[in-house]
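Coordinate inspection notes
Given next are the chains, with one letter for each unit.
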Amino acid sequence: MIKLAMIDSKNIRTRMAPSPTGELHIGGLRTLLYDYALAKKNNGQFILRIEDTDQKRLVVGSQERILQVIKDYGLNWDEGPDIGGPYGPYVQSERLDIYQKYIKELVDKGFAYYCFCTQERLDSLRATQKAAKQLPRYDQHCFHLSKDEIQKNLDAKIPYTVRLVIPKSETIIFDDIIRGKIKFNTNEVDDQVLIKSNGIPTYHFAAVVDDHLMKITHVFRGEEWLTSTPKHLLLYRYFNWEAPAFAHLTVLLNPDGKGKLSKRTGSTHARVFLDEGYLPEAMLNFLMLLGWNPGTDQEFFTLDQFIQNFSLEHLHKKSPIFDRKKLDYFNGYYLRQKTDEQLFDLFKKFLPTASDDQIKILVPVLKERIVKLSDLVSQTKFLFENVEYDQELLLKKGTDPKLAIDMLTKSKELINNNFDNLSEKLLELIKNNNWNTGEFFMVFRVAICGSVFTPPVVECLPALGQKKTLEKIDIAITKLTQ
Ligand code: GLU
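These notes cover the structure that comes with them. Please read these numbers as outputs of a predicted model, since none were measured by experiment.

Once that is clear, we can look at the overall build of the chain. Helix and strand counts for the chain stand at 21 helices and nine strands. In terms of overall size, the chain is more extended than a compact globule, its C-alpha atoms giving a radius of gyration of 31 Å where 482 residues would be expected to give roughly 23 Å. Counting all 482 residues of the chain, 49% fall into the buried class. When contacts within the chain are restricted to residue pairs at least 6 apart in sequence, long-range pairs at least 24 apart make up 74% of them. Carbon and sulfur atoms provide 51% of the accessible area of the chain, an area that totals close to 23,500 Å². For the chain, the separation between the mean place of its 65 positive charges and that of its 63 negative charges on side chains is 4 Å.

Core analysis: the largest hydrophobic core is formed by 104 residues, its most contacted members being I26, Y73, F310, F347 and F444. Other than its neighbours up to four places away in sequence, Y73 contacts I26, L29, A270, F273, L274, P280, M283 and L284. Among the nonpolar cores identified, the runner-up in size contains 46 residues, and C117, A206, V219 and L233 belong to it.

The next point concerns the environment of L75. For L75, the location among the structural elements is in the loop between α2 (62-72) and α3 (96-109). Sequence spacing of L75 and D52 is 23 residues, and the spatial spacing of their C-alpha atoms is 22 Å. In contact with L75, other than residues within four places in its own chain, are L29, L32, L33, Y36, I70, L284 and L303.

All residues in the neighbourhood of the ligand are listed as R15, A17, P18, S19, E51, Y203, R221 and W225. Contacts to the ligand include E51, whose side-chain N or O atom sits 2.6 Å from a nitrogen atom. R221 places a polar side-chain atom, nitrogen or oxygen, 3.5 Å from an oxygen atom of the ligand. Taken by itself the ligand offers 300 Å² of open surface, and the protein chains cover 81% of this. Of the residues belonging to the shell around the ligand, the class tally is four nonpolar, one polar and three charged.

The next point concerns the sheet that holds strand β7 (residues 193-195). Here we have three strands laid out as an open sheet, ordered β3-β4-β7, and antiparallel in their pairing. The open sheet is flanked by β3 (112-115) and β7, the only strands paired with a single partner. Ignoring strand direction, the axes of neighbouring strands in this sheet form an average angle of 45 degrees. As judged from the four bridges shared by β3 and strand β4 (residues 161-164), these two strands associate in the antiparallel manner. Its bridge partner lying in β4, Y113 is registered against R163.

The next thing to look at is the packing of aromatic side chains. For the structure on display, the rule yields 32 aromatic pairs. For the ring pair Y36 and F46, a centre distance of 6.0 Å and an interplane angle of 75 degrees mean the geometry is edge-to-face. Taken together, the residues Y36 in helix α1 (residues 26-41) and F46 in strand β2 (residues 45-48) connect sequence positions 10 residues apart. What links up through ring pairs into an aromatic cluster is the set Y34, F220, W292, F301, F306 and F310. Between R163 and the ring centre of Y138, over which it is positioned, the NZ or CZ distance is 3.8 Å. The ring of Y389 has K479 sitting right over it, with the charged end atom 4.5 Å from the ring centre.

For strand β8 (residues 218-222), a buried count of five out of five residues is recorded, marking the element as mostly surrounded by other parts of the structure. Across five bridges, β8 lies against strand β9 (residues 245-249) in parallel orientation. Note that in β9 the partner of V219 across the bridge is F246. Where the polypeptide runs from β8 across helix α7 (residues 229-239) and back to β9, its parallel neighbour, the crossover connection is right-handed.

Let us now look at the side chain of D210. Among the structural elements, D210 can be located in helix α6 (residues 203-213). Within the structure, the side chain of D210 is placed 2.8 Å from the side chain of R95, a separation counted as a polar contact. Setting aside residues up to four positions removed in sequence, D210 forms contacts with R49, Q92, R95 and Y99.

Take the packing of helix α18 (residues 422-433) against helix α19 (residues 437-449) next. At a minimum axis separation of 10 Å, α18 and α19 run at an interaxial angle of 125 degrees. Comparing the axis directions of α18 and α19 gives the class oblique. For the pair α18 and α19, the sense of crossing is right-handed. Side by side, α18 and α19 meet where L426, L427 and I430 of the first sit next to T437, F440, F441 and F444 of the second. Residue composition of the contact of α18 with α19, grouped by class: six nonpolar, one polar and no charged.

Take α1 next. Its 16 residues place the ends of α1 22 Å apart at the C-alpha level, agreeing with the 22 Å of an ideal helix rising 1.5 Å per residue. Just downstream of α1, N43 is the residue with a positive phi angle, here 55 degrees.

So, about the pattern of salt bridges. Using the criterion set out here, one finds 26 salt bridges in the structure. When the shortest N-O distance is used, the salt bridge between D210 and R49 registers 3.8 Å. Remark: R49 occurs in the loop between β2 and α2 and D210 occurs in helix α6; sequence separation between them is 161 residues. For the pair D210 and R49, a shared accessibility class is recorded, and that class is buried. Of the charged contacts in the structure, one is a salt bridge between D139 and R121, with a shortest N-O distance of 2.6 Å. Residue D139 is located in the loop between α4 (119-131) and α5 (147-155), and its partner R121 is located in helix α4; the two are separated by 18 residues in the primary sequence. Owing to a relative accessible area of 27%, R121 belongs among the partly exposed residues under this scheme. Taken together, the salt bridges that share partners define one network made up of R15, R49, E51, R95, D210 and D211.

If you walk through the whole model with that rule in mind, you get zero disulfides. Take C142: it sits in no disulfide, and the sulfur closest to it among the cysteines is that of C117, at 3.7 Å. The cysteine C460 is free of any disulfide, with C449 supplying the nearest cysteine sulfur at 6.9 Å. On the basis of relative accessible area, C460 is assigned to the buried category, the value being 1%.

Cut-offs used in this document
Residue positions within a chain follow its written sequence, with the count starting from 1. Only residues with pLDDT of at least 70 get local features here, since the model is predicted, and only at 80 or more are side-chain atom pairs given and counted; chain-wide, interface and lining totals rely on the full set of residues. The side-chain quantities take in all heavy atoms of the structure and omit both hydrogens and water. The numbering of helices and of strands both runs from the N terminus, where a helix is a DSSP run of H or I of at least 4 residues and a strand a run of E of at least 2. For the radius of gyration, the atoms used are the C-alpha atoms, and the globule rule reads 2.2 Å times the number of residues raised to 0.38. Summary of the burial criterion: residues with accessible area below 20% of their type's maximum are buried, those above 50% are exposed, and those between are partly exposed, where the area comes from a 1.4 Å probe applied to protein chains only. We call two residues in contact whenever any of their non-hydrogen atoms come within 4.5 Å of each other. Only the protein chains shown count as cover for residues, and the accessible areas themselves come from Shrake-Rupley with a 1.4 Å probe. The charge count treats Lys and Arg as positive and Asp and Glu as negative. His and the chain ends do not count. Taken as the charge centre is NZ of Lys, CZ of Arg, CG of Asp or CD of Glu, depending on the residue. By nonpolar core is meant a set of buried Ala, Val, Leu, Ile, Met, Phe, Trp, Tyr and Cys residues that side-chain atoms within 4.5 Å join together. A cutoff of 4 Å decides nearness: a residue is near a molecule or strand if any of its heavy atoms lies inside that distance of it. Two N or O atoms form a polar contact when they lie within 3.5 Å of each other; inside protein one atom must be a possible hydrogen donor and the other a possible acceptor, and for residues adjacent in sequence the pair counts only when both atoms belong to side chains. Three residue categories are used. Nonpolar comprises Ala, Val, Leu, Ile, Met, Phe, Trp, Tyr, Cys and Pro, charged comprises Asp, Glu, Lys and Arg, and polar comprises the others, including Gly. Paired strands are those between which DSSP finds at least two bridges. Helix axes are fitted only over the stretch in contact, all axes being lines through C-alpha atoms; the angle between N-to-C directions runs from 0 to 180 degrees. Paired rings are identified among Phe, Tyr and Trp, the last through its six-membered ring, by centres lying within 6.5 Å, and are further divided according to the angle between planes into stacked (under 30 degrees), edge-to-face (over 60) and tilted (the rest). Both a distance and an angle decide whether a charge sits over a ring: NZ of Lys or CZ of Arg must be within 6 Å of the ring centre and within 35 degrees of the ring normal. The handedness rule is simple: strands pointing away from the viewer, and a clockwise path from the first strand over the helix to the second, make the crossover right-handed. Oblique is the label for any angle not covered by the other classes, which are roughly parallel (under 35 degrees), roughly antiparallel (over 145) and roughly perpendicular (65 to 115). Take the far helix as the reference: if the near one is turned anticlockwise from it by less than a right angle, the crossing is left-handed, and if turned clockwise, right-handed. A helix is expected to span 1.5 Å for every residue after the first. Any carboxyl oxygen of Asp or Glu that lies within 4 Å of a side-chain nitrogen of Lys or Arg is treated as forming a salt bridge with it. By disulfide we mean two sulfur atoms from cysteines, separated by a distance within 2.5 Å.

From the geometry alone we can't say anything about function, so treat these as descriptive.
Structural data, given as structure tokens:
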């Protein structure tokens, strides 16, 4: 029987173990959030470990970027590669000696064996099995080598891997926190390579050794690892170690409900959401509810509230849809919770060429109108450049060109004489000339912004300045007289 960690009786330690093979996926951030909440709720520790044993897939700079993006979301770890801790090092490539010691123990006990098969043999085996419509798996050729044959191969320095011994026809049962009882027949499990021919462990071996040595009590990970769990549980049994509790989280689905969240429907990297101007607290709140519910109607949670409310019982079995509209709703909510002073700094970040005075004008005008901060860039483009547009756009409401020229010429005169209280003055101008208000503002808006979808144009004029406003009106008049 596999020993599983008792949930209540020990110091809770969770871990996130990203591989530095690219950017942190938004689903990884959700996993991390649950790890974090469980540890913090129980006054335990959350550990960050870097799993870099797949040397071929390493991406330069990825480790640093993963660490940074986690911090940028306002999260942190109690032990990890940069700060160390009592069970370090926390980067697997720095722990190779440790794995060597443990693999030796397994081989000595007969729970793992040397495999001297060449890649050619393995490839041809796989091809034969595929042709016979069998599940590709190792045929245990080297499991049957005699002691003498093994020694001879070792002496001859023939490269080898080390494989896990899988018992025949045994049922492995474990209780997944989310999915309940899971059964595997060992006949479906391949003799997993634990140590590769370059002496580096595979994920399976390194993760089990590390989770044990780092005293991890709960493992949250994606459901793609579910089928690996029997191999891991066998390792725990062979070493006579207590296994952590496992929670295999659901996958996030595309907004249309079709398939795993993919680039097809927008960004999937945790970093990109921040770059697009989603607030960390909005993202985290959105992720909290993608696989967990509080058991009440409450939908807004600060990180602290989430930690207090988090419980393993309320994790979902059903894959959640990554509903971007919901995310926008959360972001809008959190943006509007901010004071104008807080928004000033955020606006500045997204509008680096705007002056402080411009930003002060824009914050109250735009704060209700943006979903995410990067919307500011398109909404304020006209302040920083002459946006290209066609003459027809000025006449979008069917305005006679002569009338449009009249509207613009008179607006220009007004603005030239006075740049204060423009809302009121322009309305007066419209009234005195018997113009249609909607028609006037369409011509005026396009003249100033080069677009029909714009923020409240008159309120933005102080940010544009008198001179530029007049220039833009001139450009529009020229377009209409050509
Ligand atoms: N290094 C694995 C990954 O990046 C971690 C899997 C696990 O959490 O056990 O997917």
